[in-house]
Amino acid sequence: RRWRPIASAPFAGDTALWTGSELLAFGRVGAGPAARLGVAAYRPPAGPWRRLATAPLPAGDEVSVVLAGGQVAAFTYRDGERACHGGLYDLAAGTWRVLGACPLLPIMYPQPIWTGSRIVLLTWGPEWFDGGEVNPWPERVYTNGIYDPATDTWRRPAARPARLQPGYGGRFVWTGREVLLWGLGGGIAYEPSADGWRRMAGAPFTREFHSATWTGTELLVWGGTTGQDCADGCPRADGLAYRPGPR
């Protein structure tokens with residue numbers, strides 16, 4: 001019932017994952033365009049950290065990871081680059097392999113979900129992207145994808161209906177059947193087995209950049225900000241619970 005410090009990892013970073021026995025931390029190794037994604041492991045309670053094989057991926061400005069069976073999938077994205085980079089790390093063998101070319105435009109913080117057989121990589125971004133002054137004409141982009149590790153192939157899920165936009169700052173959870181995405185524009189759900197989207201029931205309020213977790217029966221969302229125009233983002237100290245109905 002007390003805090004204790006953990007030894008510093010070999011590199012800085014803000015992405016980590018629990019494998020069931022160890023904490024894996026991800027960070028930048030090297031400098032400039034040649035920097036790669038470093039990985040280190042820490043086994044509680046005493047450690048120490050040990051370096052794992054460096055990922056054959058650019059370090060990236062954003063990193064997202066997910067435990068996929070006996071492997072860890074990592075995706076990196078660099079600002080201004082119209083591509084995402086992915087790799088799979090085999091926990092038993094201690095080796096990496098690069099994934100097939102990722103077809104997504106990595107905008108709006110892609111988040112990977114492991115379904116038990118495939119990786120669903122979703123974002124809360126729009127499927128039409130306004131490139132601003134560089135490209136003033138909106139273009140269709142693919143911000144969602146499904147990766148099959150058995151065949152090393154990607155496919156695009158069914159297009160999300162225009163009326164089903166979760167809005168800014170959404171968070172994802174996997175229920176065992178659906179991916180629930182709830183954000184400033186409300187909530188939507190994607191069911192991989194049916195390749196279909198639906199709208200979640202309306203909530204009393206919406207949030208952005210909140211925390212979300214699945215309890216086994218309910219989606220719990222907590223905190224975040226309201227998206228209103230206020231100096232501190234209007235942070236909140238309350239939340240909501242959502243229980244999906246029978247299908």
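To start, this report covers the structure provided alongside it. Just so we're clear, the structure is a prediction, and the values are computed from it rather than from any experiment. (Residues numbered from 1 in each chain as written. Predicted model: local features only at pLDDT ≥ 70, side-chain atom pairs only at ≥ 80, totals over all residues. Heavy atoms only, no water.)

**Structural notes on the sheet that holds strand β11 (residues 119-122)**
So, point 1. Read across the open sheet, the 4 strands follow the order β10-β11-β14-β15; overall the sheet is antiparallel. Of all strands in the sheet, those with a lone pairing partner are β10 (111-114) and β15 (153-155), marking the two edges. Strand after strand, the sheet turns through a mean of 25° between neighbouring axes, direction not considered. (Pairing = 2+ DSSP bridges. Helix = DSSP H or I, 4+ residues; strand = E, 2+ residues; numbered from the N terminus. Axes fitted to C-alpha atoms, helices over the stretch in contact; angles between N-to-C directions.)

**Digging into unusual backbone geometry**
So, point 1. In this model, Pro44 is joined to Pro45 through a cis peptide bond whose omega is 5°.
So, point 2. Among the structural elements, Pro45 can be located in the loop between β3 (36-42) and β4 (49-51).
So, point 3. We note that Asp195 has phi near 50°; this positive angle belongs to a residue other than glycine.
So, point 4. Structurally, Asp195 can be placed in the loop between β18 (186-191) and β19 (196-199).

**Remarks on the pairing of strand β20 (residues 211-214)**
Remember that side chains alternate between the two faces of the sheet whenever the strand is regular.
So, point 1. In this sheet, strand β21 (residues 219-222) lies alongside β20 in antiparallel orientation, the contact comprising 4 bridges. Considered in β21, the bridge of Ala212 is made with Val221.
So, point 2. Hairpin connection, β20 to β21: the antiparallel pair is bridged by 4 residues, and Gly216 has positive phi, about 115°.

**Thoughts on the pairing of strand β9 (residues 95-98)**
So, point 1. The sheet contact formed by strand β8 (residues 84-90) and β9 spans 4 bridges and is antiparallel. Bridge pairing in β9 places Asp90 opposite Thr95.
So, point 2. Between the antiparallel neighbours β8 and β9 lie 4 residues, among them Gly94 with a positive phi of about 70°.

**Quick look at the pattern of salt bridges**
So, point 1. What the rule picks out here adds up to 10 salt bridges.
So, point 2. The shortest N-O distance in the salt bridge between Arg118 and Asp148 comes to 3.4 Å. Remark: Asp148 occurs in strand β14 (residues 145-148) and Arg118 occurs in the loop between β10 and β11; sequence separation between them is 30 residues.
So, point 3. Here Arg236 and Asp238 are joined by a salt bridge, their closest N and O atoms 3.9 Å apart.
So, point 4. Residue classification places Arg236 among the partly exposed residues on the basis of a relative accessible area of 42%.
So, point 5. Judged by its relative accessible area of 24%, Asp238 falls in the partly exposed class.
So, point 6. Three or more residues are tied together by salt bridges with common partners; here these are Glu22, Arg43 and Arg50. (Salt bridge = Lys/Arg side-chain N within 4 Å of Asp/Glu carboxyl O. Buried < 20%, exposed > 50% of the residue type's maximum accessible area, 1.4 Å probe, protein only.)

Worth remembering: the numbers are spatial, not functional.
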